[in-house]
Amino acid sequence: MYSMTLHKVVCLPRLSRVAVCGGTHGNELSGVYLVRELLKEEKKAMEEEEEEEKPVSVVLVLSNPWAIQQCRRYVKTDLNRCFTHASLNGPLSDSAPYELIRSKELNTLLGPKGSPEAVDLVCDLHNTTANMGLCLIAYSDCDWICLHTFKHLQASTSKESYSLDSVGKHGFAMEIGPQPHGVVRSNIYTAMKFGVQHMLDWVRFFNSGFVDVFTMVKHIDYPRDSETHNIIAAIHPQLQDRDFCLLHPEDPLFQTFSGETLRYKGKEPLYPFFINECAYYEKGIALSLARKRRVMIPAIRVQTEQEQQASEQGFGSEEEE
Amino acid sequence: MSAYKNSVCFNEARRVAIFGGTHGNEMSGVTLVNLWVKNSAEIQRKGVETKPFIANPKAVEKCTRYVDTDLNRAFSPENLSAPGGDDLPYEVQRAQEINRIFGPKGSPEAYDVIFDLHNTTSNMGCTLILESSKDHFNLQMMNYIKKAITPASCLVLLNEHPLLKYSTSRSVAKHPVGLEVGPQPQGVLRSNIFEAMRVILKHALDFIELFNEGPVCNTLETLLAEMEYKFIGMEFPPCTVEVFWVSERIDYPRDANGNIIAMVHPNLQDCDWEPLNPGDPMFQTFDGKTIHYQGSGTVYPTFINEAAYYEKQQAFVTTRRETLVASAIRKA
């Protein structure tokens, strides 16, 4: 049955401010180098006094400068977990961790989260040691702006988002791997540059169609020794690097250090991702599992000024095709 | 009596150590040593005391390369004799302790062999690291290992460069052997890398047992026969070993403030040990321009894009291919 909603073109306010953030984790270097390069290009363009009005203004941010300087994921606590409303609006003690202070600064710069002043779109750049290729991570499967921005989407939970990209009215993380932390690989950097360019180009043109969406179901931790809690197995060689390849019940999952194969015992075939991401060892995650489904998304176009005024006055009119 | 001219005698190698976690985030060695500390059956050999040892426990606990300073650069004579106790950087204190347990460096009491287990983000495969072109015991060991793992490959990197050579943790022993396996990101454990390191160590320990005791078991005899390895009268015949000899360290292009302005070129990335000719692409700037290699001849780059070397001003090292001749060796 063809839903009537798909015939309606959804009208949304224009995206006038976009933020591109690198170095939210200080050792994920593609984003760090890319934002630095974009800042250089922006400075050059300003010096050459290109005065024409741009349809989109792009805010470039190095999110965690102290962690970047030390080439570490974070200094005191993971910055990309500091953006819940509770963290952002809570009190700041003298002994507050660096990243908590920084998250409030970023919220002032790009938000405040949940307010009309927040930037329209946040694109947060990350690298992973997992073999995920170019992958976009969002928090909602009905945020049409994000879904129209890309063809492949990983949706995680519907819980409130704790991450930087949630500060904008719309936001997503752009994740590219495999790249070891603390290394910049030219092919990964180039892919990210292309991805960011593509995304910024899209912001000027709205699109339509369907998207295949991966929705996270659960995490799986490494098998651990019951007493010491130490890891006793590694990702099985047949699973290593096979992000987004369907994992069936009884497929190999782990290989213990004594050579035994441990198999996936779930009943449902699921799609693994973030396989062997270095930073997730401390979070007790060896891999995550997702379901795939197809989401139909309506065509969207930008609101006219009259429509914007009308919606502000609360008449709530919608165009019908 | 030797069958060969210039045969070299060595004492039996009775005390052997295996270091993991010299860098706390290089996970294969950390994991193997922890396994063997719990259960050392796999590393036992007749007549040898083999001690698995975590070199930098504080760095291992934090899963970081080092805490204050790189342990694998800390074993200089100045550091080993420095006074100051608790005021010294953690790794210098640790170096002194390691020198007490496994050394003293340069003395007859020092351990015979130390294997030092490392991982690299570079695509180096299995690499054995040699510190002296004149260590015939080590050369023979490396020749044995290479033959034992055929058709898989294991290359030998020789760092005897007067300026680029550094004071490693393994240098405390009479025969230091570095084992570097990659590519593996820091902090990550990949099962194929883990298994490769494990196999190399097995053969290294077999060699030591062979040297000390001869072919003591059927499996070793069979292995020698399969390798077509001549081993007569407890003597290893002379052999040649191809090595990659470290020449030069090449840094990333930087701006006036010292910031990196280019990355390893996609044509060079992951091409460790392949020839780099003058004029070949070497770096790619962030705005897409290519920088070419301007050397005078062909070199063989390695340690290409190792994460830990960004702070050491090294994008890769160049090496030249040489063939060393190892004398026959036997035990004293």
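Please refer to the structure placed before this passage.
What you are looking at is a predicted structure, and each value in this text was computed from that prediction instead of being measured. (Residues numbered from 1 in each chain as written. Chains lettered and ligands numbered in written order. Predicted model: local features only at pLDDT ≥ 70, side-chain atom pairs only at ≥ 80, totals over all residues. Heavy atoms only, no water.)

**Student:** Is there a simple way to think about the environment of B:Gly20 in this case?
**Tutor:** Residue and element names in this part refer to chain B. Take Gly20: it is sitting in strand 2 (residues 15-20). Among the residues examined, Gly20 registers a relative accessible area of 0% and is labelled buried. For the pair Gly20 and Met142, spaced 122 residues apart in the sequence, the C-alpha separation amounts to 20 Å. (Helix = DSSP H or I, 4+ residues; strand = E, 2+ residues; numbered from the N terminus. Buried < 20%, exposed > 50% of the residue type's maximum accessible area, 1.4 Å probe, protein only.)

**Student:** Honestly, a positive patch on the surface in this entry has me stumped. Any pointers?
**Tutor:** A cluster of basic residues, A:Arg72, A:Lys76, B:Lys58 and B:Lys62, forms a positive patch on the protein surface. Along the chain, B:Lys58 falls in helix 2 (residues 57-62). (Patch = residues over 30% accessible without salt bridge, like charges linked within 9 Å, V, L, I, M, F, W, Y side chains within 5 Å. Areas by Shrake-Rupley, 256 points an atom, 1.4 Å probe, with all protein chains shown as cover. Salt bridge = Lys/Arg side-chain N within 4 Å of Asp/Glu carboxyl O. Lys, Arg positive; Asp, Glu negative; His and termini not counted. Charge placed at Lys NZ, Arg CZ, Asp CG, Glu CD.)

**Student:** Quick question: what am I supposed to make of the sheet that holds strand 2 of chain B here?
**Tutor:** Residues and elements named next belong to chain B. The strand order across the open sheet built from nine strands is 3-2-4-7-5-6-9-14-13, with neighbouring strands paired in mixed fashion. Edge positions in the open sheet fall to strand 3 (49-54) and strand 13 (300-302), since each of these has one partner strand only. Each strand axis lies, on average, 30 degrees off the axis of its neighbour in the sheet, ignoring direction. Across six bridges, the pairing between strand 2 and strand 3 is parallel. (Pairing = 2+ DSSP bridges. Axes fitted to C-alpha atoms, helices over the stretch in contact; angles between N-to-C directions.)

**Student:** Help me understand the pairing of strand 6 (residues 154-158) of chain B, please; the structure alone is not making it clear to me.
**Tutor:** Along any regular strand, the residues point their side chains to alternate faces of the sheet. All names here are of chain B. Within strand 6, five of the five residues are buried, which leaves it mostly tucked inside the rest of the structure. Of the two faces of strand 6, the one carrying Cys154, Val156 and Leu158 and the one carrying Leu155 and Leu157 are both buried. Here strand 5 (residues 125-130) runs beside strand 6; their pairing, made up of five bridges, is parallel. Looking at strand 6, one finds that Thr127 is bridged to Leu155. Crossover strand 5 to strand 6 through helix 5 (residues 136-149) is right-handed. (Right-handed = clockwise from strand over helix to strand, strands pointing away.)

**Student:** Would you mind showing me how to read the packing of helix 5 of chain B against helix 6 (residues 191-213) of chain B here?
**Tutor:** Relative orientation and spacing of two packed helices are given, respectively, by the angle between their axes and the distance between those axes. Residues and elements named next belong to chain B. Their axes nearest at 9 Å, the elements helix 5 and helix 6 cross at an angle of 125 degrees. On the basis of their axis angle, the class for helix 5 and helix 6 is oblique. Crossing angle aside, the handedness with which helix 5 passes helix 6 is right-handed. Note on element contacts: helix 6 touches helix 5 through Val199, Ile200, His203, Ala204, Asp206, Phe207, Ile208, Leu210 and Phe211, opposite Phe137, Gln140, Met141, Tyr144, Ile145, Ala148 and Ile149. When the residues that make up the contact of helix 5 with helix 6 are grouped by side-chain class, the tally is 13 nonpolar, two polar and one charged. (Parallel < 35°, antiparallel > 145°, perpendicular 65-115°, else oblique. Left-handed = near helix turned anticlockwise from the far one by under 90°. Contact = heavy atoms within 4.5 Å. Nonpolar A, V, L, I, M, F, W, Y, C, P; charged D, E, K, R; others polar.)

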